[in-house]
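The residues making up each chain are set out below.
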Amino acid sequence: MLCRDCHHKLEVRRSCWRIRLRCTSCQREYQIHEVASDLDPETEKQLENYTTLIYD
Ligand SMILES: [Zn+2]
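One structure accompanies this document, and this report is about it.

What counts and how
Residues numbered from 1 in each chain as written. Predicted model: local features only at pLDDT ≥ 70, side-chain atom pairs only at ≥ 80, totals over all residues. Pairing = 2+ DSSP bridges. Helix = DSSP H or I, 4+ residues; strand = E, 2+ residues; numbered from the N terminus. Axes fitted to C-alpha atoms, helices over the stretch in contact; angles between N-to-C directions. Buried ≥ 20, exposed ≤ 12 C-beta atoms within 10 Å, placed from the backbone. Contact = placed C-beta atoms within 7 Å.

## Thoughts on the sheet that holds strand β1 (residues 10-15)
If you trace the three strands from one edge of the open sheet to the other, you get β1-β2-β3, paired in antiparallel fashion. Two strands in the sheet have a free side with no partner beyond their single neighbour: β1 and β3 (29-31). Sheet twist, expressed as the average angle between the axes of neighbouring strands with direction ignored, equals 35 degrees. In terms of strand pairing, β1 meets strand β2 (residues 18-23) through six bridges, oriented antiparallel. Paired with L10 across the bridge in β2 is C23.

## Topic: the environment of D5
Along the chain, the position of D5 falls in the segment before β1. In this structure D5 comes out as exposed when scored by C-beta crowding, with 10 C-beta atoms within 10 Å. When the C-alpha positions of D5 and C26 are compared, they lie 8.2 Å apart, and in sequence the two are 21 residues distant. When residues no more than four places from it in sequence are discounted, the contact partners of D5 are C26 and R28.

As structure tokens, then:
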């Protein structure tokens, strides 16, 4: 999953009970629902580790 701004890799980050995808380059954060239509299998698999958490 790549950043829409700079096309660097996004990493899954947990902060408290929230999940965000954060760019490893420009630090832009995405909410899950913002990128839900573009999630790739690798990112979805990472998110499965957080299914007990709320995607706000
Ligand atoms: Zn970026």
